[in-house]
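The lines below spell out each chain.
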Amino acid sequence: MTTAIVIVLGLATVVVVLGAIVRSAAARRTRRREPVRTPPAAPGRLPLSAPVADAGFFDPRTIRVGDTVYVDAARYRALGALHCTMQGEKWTEYLLDEGARRHNWLSIEERPGTQGESLHLEVLLWTDVPTQGMVPAKHMLIVDGVEFAPIERGTAAFRSEGNTGLPERGLLDFADYRAGDGRLLSFQRVQGGQWEAAYARPLTPGSVRVDRMP
């Protein structure tokens, strides 16, 4: 999805891993600035967001690059992070390596609640969607037989940390959509590159934990 910056590294295995990261780097979410609300739940679907102050749960805002991250039963390593800003709002996206060149993005954003409610954390796990050259439109899209209505589009600035396969700093364009059952779809491109898309899976409190080296 992006025009990758070629980094000459001494070990060929590192080059292979970096290439895999670049190919998956933009297939993830950006953000939706609409008020937080919990959509109607589909079978087996998790709630959209959770109160920030839930006692007894790991706080995913404390994830660091290099951590071993567990999402439900899956084990990942946090290879890098994107620190994003748009119109004064901030969020973080972590590139998670599952092994065998498989990568996902975990996005974490602190968002205000509605009607005076406390802040909420929106924690989403994003998975690539093969859209075969599809570009985001300003009207409804049909992907895998599901209708998605547009939510928002825009451009955010980012700063990279660790290995993301992206420039140290740059701009990304996004277009976000939601299905009637609450399913999320996001298109994204970096520095005017190729559009890529991803589905989001919201996570509940306690779904994310970390093993950290002392």
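Below, the structure is looked at part by part. Everything numeric in this text was worked out from a predicted model, so none of it was measured.

Turning our attention to the packing of aromatic side chains. Evaluation of the coordinates by the stated rule reveals 2 aromatic pairs. Measuring from centroid to centroid gives 6.0 Å for F148 and Y199, while their planes differ by 25°, and the two rings are stacked. Of this pair, F148 sits in strand β8 (residues 146–162) while Y199 is found in strand β11 (residues 196–202), placing the two residues 51 residues apart along the sequence. Looking at F148, the relative accessible area reads 0%, which means it is buried. Looking at Y199, the relative accessible area reads 17%, which means it is buried. With a centroid separation of 6.0 Å and 75° between ring planes, the pair formed by Y177 and F187 is classed as edge-to-face.

Let us look at the environment of M86. Following the sequence through the fold, M86 ends up in strand β3 (residues 74–86). When the C-alpha positions of M86 and A157 are compared, they lie 6.5 Å apart, and in sequence the two are 71 residues distant.

What follows covers the pairing of β8. Pairing of β3 with β8 involves 6 bridges; the strand directions are antiparallel. Directly across from G80, in β8, lies its bridge partner G162. Sheet topology places strand β7 (residues 141–143) next to β8; 3 bridges connect them, and they run antiparallel. Looking at β8, one finds that V143 is bridged to V146. In textbook terms, the turn of a hairpin is the stretch between consecutive antiparallel strands, and for β7 and β8 this stretch comprises 2 residues, one of which, D144, has a positive phi near 55°.

Residue position: E93 is located in strand β4 (residues 89–99). Taking relative accessible area as the criterion, E93 reaches 0% and is therefore assigned buried. On a C-alpha basis, the gap between E93 and L82 in space is 5.1 Å, while along the polypeptide they are 11 residues apart. Within the structure, the side chain of E93 is placed 2.9 Å from the side chain of W91, a separation counted as a polar contact.

Definitions and cut-offs
Residues numbered from 1 in each chain as written. Predicted model: local features only at pLDDT ≥ 70, side-chain atom pairs only at ≥ 80, totals over all residues. Heavy atoms only, no water. Phe/Tyr/Trp six-rings, centres within 6.5 Å; stacked < 30°, edge-to-face > 60°. Helix = DSSP H or I, 4+ residues; strand = E, 2+ residues; numbered from the N terminus. Buried < 20%, exposed > 50% of the residue type's maximum accessible area, 1.4 Å probe, protein only. Pairing = 2+ DSSP bridges. Polar contact = N/O pair within 3.5 Å; in protein donor to acceptor, adjacent residues only side chain to side chain.

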